[in-house]
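# Coordinates in review
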Amino acid sequence: MCGIVGYIGNKKAKPILINGLLRLEYRGYDSAGVATVEKNGITVVKSKGRVAALESVKAIDSLEGTIGIAHTRWATHGKPSDENSHPHTDGKKNFAVVHNGVIENYNELREFLGKNGYSFYSETDTEVIPNLIDYYYQKDSKDDDKKVLRAVISACSDLNGSFALEIISTFLPEKMIVVRKDSPLVIGRANGENYISSDIPAILSYTKDFYLLNDLEYVVLSRDKAEFYDKNLNVIKKDVVNIDWNASAAEKDGYADFMLKEIHEQPKSIRETIGSRLTSDGICSIESLELSKEYLSSLNKIYIVACGTAMHAGLATKPLFEKLCHIQTEVDIASEFRYRDPLIDEKTLVIFISQSGETADTIAALKLSKEKGAKTLAVSNVIGSSITREADYTVYTHAGPEIAVASTKAYTSQVVLMSILAIYFAEVLEINSDLIPDLKKAILKLPSQVEEVLKIDSMIKAFAKKVYTEKDIFFLGRGIDYAAAMESSLKLKEISYIHSDAYAAGELKHGSIALIEKGITVVSIMTDPALTPKTISNLQEVITRGAKTLVVTNQDLGDKVFDNVVKIPETISLISPVLSVVPLQLFAYHISKEKGLDVDKPRNLAKSVTVE
Ligand code: F6R
């Protein structure tokens, strides 16, 4: 999805902006552009295609300015083209703007501005913004140093939808104004300079000190300061937050792709997630979470709401909440939940899982839950992200920045953190369960067990080489293995473009087995001793019909001989997705590589889905 970078300081802005855009490439985009404040006004250079195409535009060589804004665009309103790329300006180039988000009432605003003498060159929703700012600027008879800010505030008050904006103006050539609403934007503070971005990793190599913005806080940036205002021009006090991410965590570090690196980082990221929340002497605590026994006992339902892989982490951990806490737990897709008037009230706790913390549907579902009186808990990887600021409580996965579009280490960290949360709730509720001490030990073993699993790579690669040309690959599992199968199937389809589905193994006979024909590949996960014999029968049914199989298991399969068996370490089945999904992440990765695809940036996908 679109990315934003900005700089105001004493260095030449262009290389910093280009470097930032390159770091945002993983988000997915189809055009790019920059605008800088030059001696003779604002210069805009933009181009359809990759950042490399932008760099080859002749005009970019002349950019000398030390204040600039930049953008990678993922087309929504209007096709990818030079004209539709950002930055956008008003006709007189008084204002240049980059924008992430969607302006829902842009047609109305375009009509209004048209009647007031403004004309448009692009098909975008964004182009109304610089024109609207100019309209308010020209209308304002008071000439003081807040005039541009007042115009920006008036324009933003007319905008419906979501926006993160960087604005430069010939009327305020030594400053920049930024603001956000329902779309991420952070300011990185350094000595005598400010960096701006939609994503922390893009500017992490320059600073670790950040200002995190709330909706509709207007920021006037100069080289050495950032001033924050509300819409009535009252000054807002804002503290710097230190983001403890290692800048090299956002580099490939010798790996061919970010995804491969992130798969291999999982022992470390899981260790970070566990942190001091679970100690070897069995103490479980969650920092900054004060949920009383009285409150947890009052609950009649827990909802886990999320999208995609994060939702799969919810499916993988729902059984733990039910088993340990004895509270009915439902998992829902955020985009469904938000529109179906869910039955929730103050007796419901709604947990939102989101790696980025910026997913539009998840944020909307969170706001709805609060309106309905439920308490909300965010599980996120990004400090200060939108959902963490909306939710009543937040716990962080601490998996480090995840750059590849396909989520891997964030998923395993989400499952681990949710498992620890379930234990923590059970302990606050003083529910006695023999399972808890064993679970704690099993969770602590996970990082070294993932290390073991990663060693199985060559066998998986060999199988991937055999099947990478297939059109369909199916996944089977029962219980917790079904949840892991869904995640594994999603991973495969998003980076290999092979059609894939996951089925509850027992459901196969009720229709889907009709798809099984000679030569088809079926992957099966079996980690639950109580269910393994049943899944084996289902697997035999597909083998009889000519399927070739890959089995991921930690069970002794007795006299049953299957062709391709990936043996993973034993653990308690309830947390087994942390181990069973890893070889299948590698499976998806190797298939994608065999097909010569862009593993980190699969087609049509964006890392963080900030629009509906
Ligand atoms: C798939 C993937 C997506 C995300 C989903 C939610 O690999 O990454 O399915 O899980 O878009 O994103 P977050 O967790 O940022 O809310």
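All values reported here derive from a predicted model rather than from experimental measurement. (Residues numbered from 1 in each chain as written. Predicted model: local features only at pLDDT ≥ 70, side-chain atom pairs only at ≥ 80, totals over all residues. Heavy atoms only, no water.)

## Digging into the site of the ligand
Quick note on the threshold: Whether a residue is near a molecule or strand depends on its heavy atoms: it is near if one of them lies within 4 Å of it. Two N or O atoms form a polar contact when they lie within 3.5 Å of each other; inside protein one atom must be a possible hydrogen donor and the other a possible acceptor, and for residues adjacent in sequence the pair counts only when both atoms belong to side chains. Each helix is a run of H or I in the DSSP string that is no shorter than four residues. Each strand is a run of E no shorter than two, and both are numbered from the N terminus. For this scheme, ten residues count as nonpolar: Ala, Val, Leu, Ile, Met, Phe, Trp, Tyr, Cys and Pro. Four count as charged, namely Asp, Glu, Lys and Arg, and the remainder, Gly too, count as polar.
Neighbouring the ligand are 13 residues; Ser354, Gln355, Ser356, Thr359 and Glu494 lie closest to it. At 2.8 Å, a side-chain N or O of Lys491 approaches an oxygen atom of the ligand. Elements represented by at least two residues in the shell around the ligand include exactly helix 9 (308-325) and helix 16 (480-496). Of the residues forming the shell around the ligand, the biggest block, three residues, is contributed by helix 9. Class assignment for the residues of the shell around the ligand results in four nonpolar, seven polar and two charged.

## Some points on the sheet that holds strand 22 (residues 499-504)
Keep this limit in mind: Two strands are counted as paired when DSSP detects at least two bridges linking them. Whenever a helix is involved, its axis is fitted only over the stretch in contact; in every case the axis is a line through C-alpha atoms, and angles between N-to-C directions fall within 0 to 180 degrees. Whether two residues are in contact is decided by their heavy atoms: any pair within 4.5 Å suffices.
Spatially, 22-21-23-24-25 is the arrangement adopted by the five strands of the open sheet, whose pairing is parallel. Across the chains shown, the open sheet's two edge strands, defined by having one partner strand only, are strand 22 and strand 25 (564-567). When strand polarity is set aside, the average angle formed by the axes of neighbouring strands in this sheet is 20°. Note that strand 21 (residues 472-477) and strand 22 share six bridges and pair parallel. Paired with Asp472 across the strands is His499, a residue of strand 22. Each of strand 21, strand 23 (521-526), strand 24 (548-553) and strand 25 is contacted by helix 15 (residues 457-467), which is oriented at about 150° to strand 25, the strand it contacts most.

## Some thoughts on the sheet that holds strand 19 (residues 375-380)
Within a beta sheet, neighbouring strands are joined by backbone hydrogen bonds and run either parallel or antiparallel to one another. Read across the open sheet, the five strands follow the order 17-16-18-19-20; overall the sheet is parallel. With partners counted over all chains shown, the strands left at the sheet margins are strand 17 (329-333) and strand 20 (393-396), one partner each. Taken over all neighbouring pairs, the strand axes of this sheet differ in orientation by 20° on average, direction set aside. Sheet analysis places strand 16 (residues 301-306) next to strand 18 (residues 348-354), joined by five bridges and oriented parallel. Bridge assignment links Lys301 to a residue of strand 18, and that residue is Thr348. The sheet strands contacting helix 9 are strand 16, strand 17 and strand 18, and the helix crosses strand 17 at an angle near 170°.

## Structural notes on the domain arrangement of the chain
One frequently used descriptor of interface size is the decrease in accessible area upon assembly of the parts. So the rule is basically this: Each domain's limits were defined by an automated method or a database of domain assignments. Buried area, as used here, totals the accessible surface that two parts lose on assembly, with accessibility defined by a 1.4 Å probe and the loss added over both. Salt bridges are defined as contacts in which a side-chain nitrogen from Lys or Arg sits within 4 Å of a carboxyl oxygen from Asp or Glu.
For the chain, the assigned domains are domain 1 (3-249), domain 2 (252-453) and domain 3 (457-594). For domain 2 versus domain 3, the separation of C-alpha centres amounts to 25 Å. On the side of domain 3, 27 residues touch domain 2, which itself brings 34 residues to the contact. Around 2,500 Å² of area is buried between domain 2 and domain 3 when both sides are counted, 76% of it from carbon and sulfur atoms. Looking only at domain 2, the three residues that lose the most surface to domain 3 are His312, Tyr411 and Val453, adding up to 23% of its buried area. Across the salt bridge formed by Lys593 and Asp257, the nearest N and O atoms sit 3.1 Å from each other. The interface formed by domain 2 and domain 3 holds eight residue pairs in polar contact (both at pLDDT 80 or more) in total.

## Notes on the pairing of strand 8 (residues 176-181)
Operational definition: Buried means the residue's accessible area, taken with a 1.4 Å probe over protein chains only, is under 20% of the maximum for its type, while exposed means over 50%, and partly exposed covers the values in between.
In terms of burial, strand 8 is a largely internal element, five of the six residues being buried. Where strand 7 (residues 161-169) and strand 8 come together, five bridges link them in antiparallel fashion. Following the sheet pairing, Ile167 is matched in strand 8 by Ile177. Once strand 7 ends, the chain turns through six residues before running back antiparallel as strand 8. Here strand 8 runs beside strand 12 (residues 218-221); their pairing, made up of three bridges, is antiparallel. Across the sheet, residue Ile177 finds its bridge partner in strand 12, namely Val220.

## Focus: the packing of aromatic side chains
Filter applied, for reference: A pair of aromatic rings is counted whenever rings of Phe, Tyr or Trp (Trp by its six-membered ring) have centres within 6.5 Å, and the orientation is called stacked for planes under 30 degrees apart, edge-to-face for over 60 and tilted otherwise. Two thresholds decide whether a charge sits over a ring: the Lys NZ or Arg CZ must be within 6 Å of the ring centre and within 35 degrees of the ring normal.
Tallied over the full model, the rule gives 13 aromatic pairs. Taken together, a centroid distance of 5.6 Å and an interplanar angle of 65° make the contact between Phe95 and Phe171 edge-to-face. You can see Phe95 sitting in strand 6 (residues 95-103) and its partner Phe171 sitting in the loop between strand 7 and strand 8, a full 76 residues away along the chain. Ring geometry for Tyr303 against Phe337: centres 5.2 Å apart, planes inclined by 70°, an arrangement best described as edge-to-face. Here the residue Tyr303 occupies a position in strand 16, and Phe337 occupies one in helix 10 (residues 334-337), the gap between them amounting to 34 residues. Assigned by exposure class, Tyr303 and Phe337 land together as buried. Taken together, the ring pairs connect Tyr7, Tyr195 and Tyr206 into an aromatic cluster. Residue placement shows Lys238 over the ring face of Phe228; its charged tip is 5.9 Å from the ring centre.

## Comments concerning the pattern of salt bridges
Inspection of the entire model under this criterion finds 36 salt bridges. The salt bridge partner of Arg180 is Asp215, with a shortest N-O separation of 3.2 Å. Note that Arg180 is positioned in strand 8 and Asp215 in the loop between strand 11 (209-212) and strand 12, a separation of 35 residues in sequence. In this structure Arg180 comes out as buried when scored by relative accessible area, which is 3%.

## Focus on helix 13 (residues 409-428)
Applicable threshold: By definition here, a helix of n residues has an expected span of 1.5 Å times n minus one.
With 20 residues, helix 13 ought to run about 28 Å at 1.5 Å a step, and its terminal C-alpha atoms sit 28 Å apart, in line with that. Phi turns positive one or two residues past the end of helix 13, at Glu430, with a value near 55°.

## What to know about the nonpolar core
Stated formally: Nonpolar cores were defined as sets of buried Ala, Val, Leu, Ile, Met, Phe, Trp, Tyr and Cys residues, with membership established by side-chain atoms within 4.5 Å.
Counting residues in hydrophobic clusters, the biggest one holds 96 residues, and the most contacted among them are Leu289, Phe321, Leu377, Leu421, Phe425 and Phe587. Residue contributions to this core peak at 13 residues, all from helix 13. Of the domains in this structure, domain 2 (252-453) and domain 3 (457-594) are the two that each give at least three residues to this core. Setting aside chain neighbours within four positions, we find Leu421 in contact with Ile286, Leu289, Phe321, Leu377, Val379 and Val395.

## Re helix 15
Defined as follows: For this quantity, the arc is that covered by the directions from the helix axis to the C-beta atoms.
If you check which residues of helix 15 are buried, you get Asp457, Ile460, Phe463, Ala464 and Val467. Looking down the long axis of helix 15, one finds its buried residues gathered within 130° of arc, a one-sided arrangement. Of the exposed residues in helix 15, the ones pointing more than 90 degrees away from its buried face are Ser458 and Lys466. At its buried positions, helix 15 is contacted by helix 14 (435-454), strand 21, strand 23, strand 24, strand 25 and helix 18 (577-594).

## Focus on the environment of Glu612
Mapped onto the fold, Glu612 is located in the segment after helix 18. Separated by 250 residues in sequence, Glu612 and Thr362 place their C-alpha atoms 9.7 Å apart. Among residues more than four places away in sequence, those in contact with Glu612 are Arg338, Tyr339, Ala360 and Asp361.

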